[in-house]
Amino acid sequence: MIDDLNELEETVRREVGVRLFTVLAWVPERRALRRVHSSHPVEYPVGGEKTVEVAQGWLATCIERQEPYFGRDRAAVREIFADHELIESLGCGSIVNVPVIGTDGGVLGVLNILDAEGSYDDDSVAAAQAIAAKAAPALSGGAA
């Protein structure tokens, strides 16, 4: 189990590789995501919120079906994320979003793992899922 958001970031860096890493807590009553950790706090400050009405496909994948979203290239990132210009300005063009599931079976939040276009493949997604499976304690602590 991973108990701390900084430890979680280091695990992702070591096992998947990452240029931009954020952790979002799911707020179901508002259908919103609240940022609880960021490797780039200037561009993506902790406490910021995203409502996800504009990305229904993403919401259905990560929150409702509890499956990862894998955007292999900049085109995939542009299709889903309104902040794609900022993402690209940080040198990112590939993204893996992995839900973190609580002990009750509900989504606690999402790990957002980004790097240069072409950095990730299906093995990267599997590694991110394995990390997310151990991340509930860290996210529970960070979202409090």
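In this text the structure is predicted, and so the values were computed from the model without any measurement. Each residue is numbered by its place in its chain's sequence as written, counting from 1. Per-residue local features are limited, in this predicted model, to residues with pLDDT of at least 70; the limit for side-chain atom pairs, both in listing and counting, is 80 or more; totals at the level of whole chains, interfaces and linings are taken over all residues. Excluded from the side-chain calculations are hydrogens and water; all other atoms, namely the structure's heavy atoms, are used.

Peer 1: Is there a simple way to explain the nonpolar core in this structure?
Peer 2: Considering soluble globular proteins, one finds that nonpolar side chains tend to be buried as a cluster. The definition of a nonpolar core used throughout is a set of buried Ala, Val, Leu, Ile, Met, Phe, Trp, Tyr and Cys residues joined through side-chain atoms within 4.5 Å. Summary of the burial criterion: residues with accessible area below 20% of their type's maximum are buried, those above 50% are exposed, and those between are partly exposed, where the area comes from a 1.4 Å probe applied to protein chains only. Ranked by internal contacts, the top residues of the largest apolar core, which has 25 residues, are Leu8, Phe21, Val23, Val96, Leu111 and Ile113. In this text, helices come from DSSP runs of H or I with a minimum length of four residues, and strands from runs of E with a minimum of two, each type numbered from the N-terminal end. At the level of elements, α1 (5–15), β1 (20–27), β5 (94–101), β6 (107–115), α5 (122–132) and α6 (136–143) are the ones that each hand at least two residues to this core. At four residues, α5 tops the list of elements feeding residues into this core. The contact criterion used throughout is that any non-hydrogen atoms of two residues lie within 4.5 Å. Filtering out sequence-adjacent residues up to four positions away, Leu111 remains in contact with Leu8, Phe21, Thr22, Val23, Val96, Asn97, Val98, Val100, Ile131 and Ala132. Counting 21 residues, the second-largest nonpolar core is a separate cluster that includes Trp26, Cys62, Phe81 and Cys92.

Peer 1: Please explain the pattern of salt bridges as it appears in this structure.
Peer 2: A carboxyl oxygen of Asp or Glu within 4 Å of a side-chain nitrogen of Lys or Arg is what we treat as a salt bridge. Within this structure, the stated rule accounts for 10 salt bridges. Here Lys50 and Asp83 are joined by a salt bridge, their closest N and O atoms 3.4 Å apart. Taken together, the positions of Lys50 in strand β3 (residues 49–51) and Asp83 in the loop between α3 (74–80) and α4 (84–89) put the pair 33 residues apart, joining distant regions of the chain. In this structure Asp83 comes out as buried when scored by relative accessible area, which is 19%. The salt bridge involving Glu88 is made with Arg78; its shortest N-O contact spans 2.7 Å.

Peer 1: Which parts of the structure should I look at to understand helix α2 (residues 56–64)?
Peer 2: Counting along an α-helix, one turn takes 3.6 residues, and residues three or four places apart therefore face a common direction. Buried residues of α2: Trp58, Leu59, Ala60, Thr61, Cys62 and Ile63, and no others. Buried residues along α2 sit in contact with β1, β2 (32–38), β4 (69–71), α3, β5 and β6. Immediately downstream of α2, the backbone of Gln66 shows phi near 55°, a positive value.

Peer 1: When you look at α5 in this model, what are you seeing that I'm missing?
Peer 2: For α5, the full list of buried residues reads Ser124, Val125, Ala128, Ile131 and Ala132. In a view along the axis of α5, the buried residues occupy a sector of 120°, so they form one face of it. The term polar contact refers here to a pair of N or O atoms within 3.5 Å; inside protein, the definition further demands a hydrogen-donor-capable atom paired with an acceptor-capable atom, and it admits residues adjacent in sequence only when both atoms are side-chain atoms. Structurally, the start of α5 carries an N-cap: the backbone nitrogen of Asp123 is 3.0 Å from a side-chain oxygen of Asp121. The directions from the helix axis to the C-beta atoms form the arc being described.

Peer 1: Help me understand the packing of aromatic side chains in this model?
Peer 2: Each pair of aromatic rings taken from Phe, Tyr and Trp, with Trp reduced to its six-membered ring, is defined by centres within 6.5 Å and is described as stacked if the planes are under 30 degrees apart, edge-to-face if over 60, and tilted in the remaining cases. Within the structure shown, the criterion is met by one aromatic pair. On the numbers, 6.1 Å between centres and 75° between planes, the contact of Tyr69 with Phe81 is edge-to-face. Pair noted here: Tyr69 is in strand β4 and Phe81 is in the loop between α3 and α4, with a separation of 12 residues, a long-range link. Take Tyr69: its relative accessible area is 14%, and that puts it in the buried class.

Peer 1: Help me understand the sheet that holds β4 in this model?
Peer 2: Strands in a sheet are paired, the pairing made by backbone hydrogen bonds, and the direction either parallel or antiparallel. Here a strand pair is declared whenever DSSP counts at least two bridges between the two strands. Overall, antiparallel pairing links the six strands, which are arranged β3-β2-β1-β6-β5-β4 in an open sheet. Lying at the two open borders of the sheet, with one neighbouring strand each, are β3 and β4. With direction set aside, neighbouring strand axes in the sheet form an average angle of 25°. Where β2 lies against β3, three bridges are found, and the strand directions are antiparallel. Residue Ala32 lies in a different strand from β3, and its bridge partner there is Thr51. Taken strand by strand, α5 contacts β4, β5 and β6, and its axis lies near 30° from that of β5. Throughout, an axis means a line fitted to C-alpha atoms (over the contacting stretch in the case of helices), and angles, computed between N-to-C directions, take values from 0 to 180 degrees.

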